[in-house]
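# Coordinate inspection notes
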Amino acid sequence: MEVFYIDDQPVPFEKGEKILSAALRAGLEIPHFCYHPALSVVATCRMCLVDVTDLGNGRPAPKLMTSCSTDAMPNMRVSTKNDKVQEGRELVMEYLLVNHPLDCPICDQSGECTLQDHSYAHGTGHSEMEYNKRVYGWRDIGTFVQLERNRCIHCSRCDRFTREITGTDEFGMFNRGHELTLDTFSDRAMTNHFQGNMADICPVGAITEKEFRFKRRAWKLRKVPSVCTGCSTGCNITIEHDRNEVLRLKPRENQDVNQWWMCDEGRLTYQQMNEREQRLAKPMGRVKGKLLQVTWQQLYDAVADRLEALKPKGEQVVALVDTHSTLEEMFLLRRLLQEVFSSDQVFYRQQDWTQPESEYFIETLITTDKAPNQAGARLLGLKGSQEHDVISAMKSAKLLFVLGNPFIKEQPLLDLAGTTELTVHIAPQHSEWTDRADAIFPGQNHAEKEGSFLNKQEHWQRFWPALRPSRHVRPEWQILSELLHMGTATPVQQTPQFSQIFQQMTSIEHKLFGNLALEKLGEGGISLADLRQQSDALAQTA
């Protein structure tokens with residue numbers, strides 16, 4: 001790769017790459033508003049001005065250049081910090097603030113506002129303009145976002161987003177000069193399913209999410225990397241929470257999965273993470289037909305005594321698994337049935353799903369498969385409901401394990417649950433299975449535990465706990481691990497760690513997962529196809 005120099009620091013670049021793009025890739029900061037790597041270059045904000053002191057041919061540029069639109073050239077020398085550049089930035093900031101209101105105390109963007117940051121770092125703190133500011137009213141522009149036009153700095157990111165990313169052309173720039181504004185066409189509200197992304201890319205508080213308005217200050221939010229559970233795409237997200245409550249979900253860049261985007265439906269899954277009314281709060285056991293709260297040890301002892309009396313084996317043991325369960329939980333449940341009960345009767349609800357074809361990548365983020373880990377169930381060899389007769393298996397079952405809340409709309413299966421000798425339900429939420437269960441182990445939801453999913457493209461991704469769970473609930477992988485040790489009469493020396501469960505899975509299923517270490521999975525995940533190629537390459541060199 002050839003190099004050019006920014007403030008005497010060598011920066012590699014690809015042919016045709018712009019100065020700003022190369023600088024950001026190298027971790028160097030050049031302030032900007034209108035530039036976004038997914039959008040076309042328009043150079044409207046003029047904030048990214050730099051002084052090209054050598055064009056690569058020994059001659060300087062005659063004036064300050066916009067780094068977002070200027071090609072990097074071999075041996076080019078660029079200054080981003082001299083007096084000429086600083087003066088240019090100050091003039092640009094003064095111009096951008098001519099009509100911008102002092103809304104910071106009441107603006108949702110405050111604390112994560114690019115305009116605030118650049119004004120503090122590059123502004124002068126005063127203005128030569130003395131006339132009244134232009135004033136617009138706020139606009140309800142869509143089902144998910146709202147527009148406050150007084151705050152707009154005309155970077156046109158939103159306009160380009162609907163033209164270039166969604167292809168819906170629902171948003172545009174109107175009028176000229178002092179009266180320039182952005183709005184929807186013909187006063188029609190937007191209907192695309194990706195409106196939240198417009199709030200994400202807006203550098204100021206002009207476009208904000210309705211779901212988050214006036215709920216919390218941005219600087220109070222704690223952020224944890226995670227994976228969206230809304231469908232099998234598995235968009236990389238950040239869970240943003242405060243006081244043990246999830247306030248919003250934001251997309252996290254992953255070029256192999258969702259790039260910079262996510263759908264509005266996925267953003268709304270934060271509501272499930274905050275669900276309290278239907279939570280299973282404590283372990284429960286059925287005593288004389290009534291569910292009563294018990295301690296964890298009492299519940300384990302009661303299940304052990306009942307299993308000792310029943311001695312179920314083979315086809316007498318059936319498990320139903322929710323495809324919202326993690327890979328580790330599915331692995332442990334399958335192992336529990338195989339090693340303790342000599343059964344392979346682990347079923348999941350197999351769904352036919354379609355993937356819309358579109359010339360716009362963002363449309364492919366939405367799929368009809370609303371299970372985040374159906375691919376994981378298939379990979380682990382669990383039995384899909386379309387290929388195997390779950391009802392026939394249930395008719396001969398004495399012992400039923402239900403992980404999560406699968407098949408809750410299948411009334412025949414729910415009715416058969418009442419005919420089993422023992423039904424064990426492991427889940428974070430109350431459902432129809434809870435009313436039919438004899439032993440209820442309260443689990444943790446997606447935002448409270450660690451785990452990993454396999455998305456529709458077999459991209460393996462992990463997530464981390466964000467919320468603090470109740471002390472009376474446990475992660476499902478821990479519950480299943482304890483049931484496994486109880487069934488094999490192996491004493492549990494201490495509470496298992498997630499890393500240990502993960503290592504068990506990858507070592508036992510090394511042909512599937514290549515004996516991968518947990519820390520190597522990383523925040524971006526890894527494609528199983530790439531993992532297999534790496535494993536094959538290592539095997540050939542061994």
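What counts, and where the lines are drawn
Residues numbered from 1 in each chain as written. Predicted model: local features only at pLDDT ≥ 70, side-chain atom pairs only at ≥ 80, totals over all residues. Heavy atoms only, no water. Helix = DSSP H or I, 4+ residues; strand = E, 2+ residues; numbered from the N terminus. Buried < 20%, exposed > 50% of the residue type's maximum accessible area, 1.4 Å probe, protein only. Contact = heavy atoms within 4.5 Å. Areas by Shrake-Rupley, 256 points an atom, 1.4 Å probe, with all protein chains shown as cover. Phe/Tyr/Trp six-rings, centres within 6.5 Å; stacked < 30°, edge-to-face > 60°. Lys NZ or Arg CZ within 6 Å of the ring centre and 35° of its normal. Pairing = 2+ DSSP bridges. 1 Å grid on protein atoms, 1.4 Å probe; cavity = no way out; pocket = protein on both sides within 12 Å on 5 of 7 lines; lining within 4 Å. Points joined across faces, edges and corners; volume = space filled by probe spheres on them. Nonpolar A, V, L, I, M, F, W, Y, C, P; charged D, E, K, R; others polar. Axes fitted to C-alpha atoms, helices over the stretch in contact; angles between N-to-C directions. Salt bridge = Lys/Arg side-chain N within 4 Å of Asp/Glu carboxyl O.

### Some thoughts on the overall build of the protein chain
The helix and strand tally for the protein chain stands at 17 helices and 24 strands. Along the three orthogonal principal directions, the C-alpha set of the protein chain runs to about 90 × 60 × 45 Å. Evaluated residue by residue, the protein chain yields a buried proportion of 54% over its 542 residues. Put simply, of all contacts in the protein chain between residues at least 6 apart along the chain, 65% involve residues at least 24 apart. Working note: accessible area of the protein chain is about 25300 Å², and carbon and sulfur atoms make up 49% of it.

### A short note on the packing of aromatic side chains
A full pass over the atoms with the stated rule returns 13 aromatic pairs. Geometrically, the ring pair formed by Phe174 and Phe185 is edge-to-face, given 5.3 Å between the ring centres and 65 degrees between the ring planes. Taken together, the positions of Phe174 in strand β8 (residues 171-174) and Phe185 in the loop between β9 (181-184) and α5 (196-201) put the pair eleven residues apart, joining distant regions of the chain. Through pairs of rings, three or more aromatic residues link up here, namely Trp460, Trp477, Phe498, Phe502 and Phe513. Above the plane of the ring of Phe212 lies Arg248, whose end atom (NZ or CZ) is 4.2 Å from the centre. We note Arg474 situated over the ring of Trp296; from NZ or CZ to the ring centre the distance is 4.2 Å.

### Let's talk about the pairing of strand β23 (residues 459-463)
Across the five residues that make up β23, a large majority, five, are buried. Residues His459, Gln461 and Phe463 line one face of β23 and the alternating positions Trp460 and Arg462 line the opposite face, and both faces are buried. Both strand β22 (residues 451-454) and β23 contribute to a ladder of four bridges, which runs antiparallel. When the bridges of β23 are listed, Leu454 appears paired with Trp460. Taking the residues that link successive antiparallel strands as the turn, the β22-β23 hairpin has four residues, and the phi of Glu458 there is positive, at about 60 degrees. Pairing analysis gives two bridges linking β23 to strand β24 (residues 526-527), with the strands arranged antiparallel. The partner of Trp460 across the bridge, within β24, is Ile526.

### What about the layout of surface pockets?
What the largest pocket holds in volume is close to 1100 Å³. Taken together, 39 residues make up the lining of the largest pocket; nearest its centre are Gln272, Asp322, His324, Lys370 and Asn405. Per-element accounting of the lining of the largest pocket gives the leading share, three residues, to helix α7 (residues 270-273). Across the lining of the largest pocket, the residue classes break down as eleven nonpolar, 18 polar and ten charged.

### Focus: the sheet that holds strand β1 (residues 2-6)
Spatial ordering of the open sheet is given by β2-β1-β5-β3-β4, a layout of five strands whose pairing is mixed. Each of the sheet's edge strands pairs with one partner strand only, and the pair in question is β2 (9-13) and β4 (65-66). Relative to β4, strand β3 (residues 49-54) runs antiparallel, the two being bridged by two bridges. In the sheet register, Leu49 faces β4, and the bridge partner there is Thr66. Across the face of the sheet, helix α2 (residues 83-96) comes into contact with β3 and β5 (77-79) while running at roughly 155 degrees to β3.

### Comments concerning the pattern of salt bridges
Under the counting rule described, the total for this entry stands at 33 salt bridges. The partner of Lys18 in a salt bridge is Asp71, and the shortest N-O contact between them spans 2.5 Å. In this pair, Lys18 is assigned in the loop between β2 and α1 (19-25) and Asp71 in the loop between β4 and β5, connecting sequence segments 53 residues apart. Here Lys18 falls in the partly exposed class, since its relative accessible area comes to 25%. A salt bridge links Asp242 to Arg243; the shortest N-O distance between them is 3.7 Å. You can call Arg243 exposed: its relative accessible area is 64%. Among the ionic contacts, a cluster of salt bridges with common partners joins Asp200, Glu209, Lys250, Asp264 and Arg267.

### Points about the environment of Pro283
In this structure, Pro283 sits in the loop between α7 and β14 (284-287). For the pair Pro283 and Ala439, spaced 156 residues apart in sequence, the C-alpha separation works out to 7.8 Å.

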